[in-house]
Amino acid sequence: MTNILAAILVGLLSGLHVASWGMYKDAPHEGFELRKYLRSILVGVGLGAAAGAVLPLDVTAPAGFAVLFGVVYVVERALGEIYKTFFRQEDQSKYTIPMQFAVFGTTVESRALRAVLGLGYLGVMLGMLALVAAYQRLAGPELSLIEVACVGSAGAWISALGGAWKDAPIEGFQILKFFRSPTLAALWALLLAQLTPDLVLVTLAATGYTIATTETYKSFLFPSRPRGKFAGKPVLFPTLLQLRQRVVPLYVAIWLTVLAMFSFGLERVSHG
């Protein structure tokens, strides 16, 4: 029960982290909706509870805490993006880059076809995890750094391909942007592999931390630059440019907490 409670706390922090950068970047263009802000938090709590019950992680220890944060992060983001891309029906005129599934920038209007494609996309992601698990069974517990970096970045490659498919028809293909996520994920994977021997968890968490890193960079280091989906669109809620600053201390506090757990976990491994 203690492990599940700790996992719920991790899920809460992960959901708050996602909700905060989401609100920070989107609210000036879309307005603030409490329902939308709470969605990632509630999903994160649910995922944390489920993970604490089924995953072989001691979340009460710093290493397990750090790993689970990344795992919950990526699963919440994957579910959210699949819903928005393939299942949600929304007016796309407010976006510069369509958020619904599109082919060469033209949205697919058939909800049935989008649903089938969404299930197929989910199948690809689950298949990738199955391949990672199979690779670890075949390769054994002793993996080289190159193996960890390459396999651990698998989820980020799927993310990079999906991002290029969505953005490139509007923004053009940007080679540095395309390779950014896989490179970051490989680096995170090398660190996470020190905290858990499970390559599937390493791959998931590495992708989660990659998303957290890139979204922090894009949302907070360049706050006056609109995200690609709103490029060229007016700021419809200018008062929120100031109000959104209220989430920054919380966001920073969560980052510091998670990085401290990461550091403590690595320190225990080095002294173990």
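The structure under discussion appears in the preceding block.
Everything numeric here is computed off the predicted structure, so don't read it as measured data. (Residues numbered from 1 in each chain as written. Predicted model: local features only at pLDDT ≥ 70, side-chain atom pairs only at ≥ 80, totals over all residues. Heavy atoms only, no water.)

Chemist: How should I be thinking about the side chain of R114 in this particular structure?
Modeler: Relative to the assigned elements, R114 resides in helix 4 (residues 111-139). For R114, which is buried and forms no salt bridge, the nearest opposite charge comes from E109, at a distance of 5.1 Å. Within the local environment of R114, its side chain forms a polar contact with the side chain of Q89, the two groups lying 2.8 Å apart. If we skip the residues at most four places from it in the chain, R114 touches T85, F86, F87, R88, Q89, Q100, F101, V108 and E109. (Helix = DSSP H or I, 4+ residues; strand = E, 2+ residues; numbered from the N terminus. Buried < 20%, exposed > 50% of the residue type's maximum accessible area, 1.4 Å probe, protein only. Lys, Arg positive; Asp, Glu negative; His and termini not counted. Salt bridge = Lys/Arg side-chain N within 4 Å of Asp/Glu carboxyl O. Polar contact = N/O pair within 3.5 Å; in protein donor to acceptor, adjacent residues only side chain to side chain. Contact = heavy atoms within 4.5 Å.)

Chemist: Help me out: how do you make sense of the nonpolar core in this one?
Modeler: In a soluble, globular protein the nonpolar side chains are often hidden away together inside. Residues V67, L68, F69, L192 and Y209 are the most contacted members of the largest nonpolar core, which totals 61 residues. Considering every element that reaches this core, the biggest residue donor is helix 3 (residues 62-87), with 12 residues. (Core = buried A, V, L, I, M, F, W, Y, C linked by side-chain atoms within 4.5 Å.)

Chemist: What's the story with the packing of aromatic side chains in this structure? I'm lost.
Modeler: Centre distance and the angle of the planes are the two values used to describe a pair of aromatic rings. Applying the stated rule across the entire model yields 17 aromatic pairs. Measuring from ring centre to ring centre gives 5.4 Å for F86 and F101, while their planes differ by 25°; the resulting arrangement is stacked. Taken together, the positions of F86 in helix 3 and F101 in the loop between helix 3 and strand 1 (102-103) put the pair 15 residues apart, joining distant regions of the chain. Since its relative accessible area comes to 15%, F101 is described here as buried. (Phe/Tyr/Trp six-rings, centres within 6.5 Å; stacked < 30°, edge-to-face > 60°.)

Chemist: What is the right way to read helix 7 (residues 175-192) from this model?
Modeler: In an α-helix, one turn spans 3.6 residues, which is why side chains three or four residues apart end up on the same side. Compared with an ideal rise of 1.5 Å per residue, which puts 18 residues at 26 Å, helix 7 spans 26 Å between its outermost C-alpha atoms and is within 8% of the ideal. All of the buried residues along helix 7 are F178, S181, P182, A185, A186, W188, A189 and L192. Elements that come into contact with the buried residues of helix 7 comprise helix 3, helix 5 (145-152), helix 6 (154-171), helix 8 (199-220) and helix 10 (247-271). (Expected span 1.5 Å × (residues − 1).)

Chemist: So what exactly am I meant to see when it comes to the environment of Y209 here?
Modeler: Tracing the sequence through the fold places Y209 in helix 8. When the C-alpha atoms of Y209 and A189 are compared, they prove to be 9.3 Å apart, with 20 residues separating the residues in sequence. A distance of 2.6 Å separates a polar side-chain atom of Y209 from the backbone oxygen of A66.

Keep in mind these values describe shape, not function.
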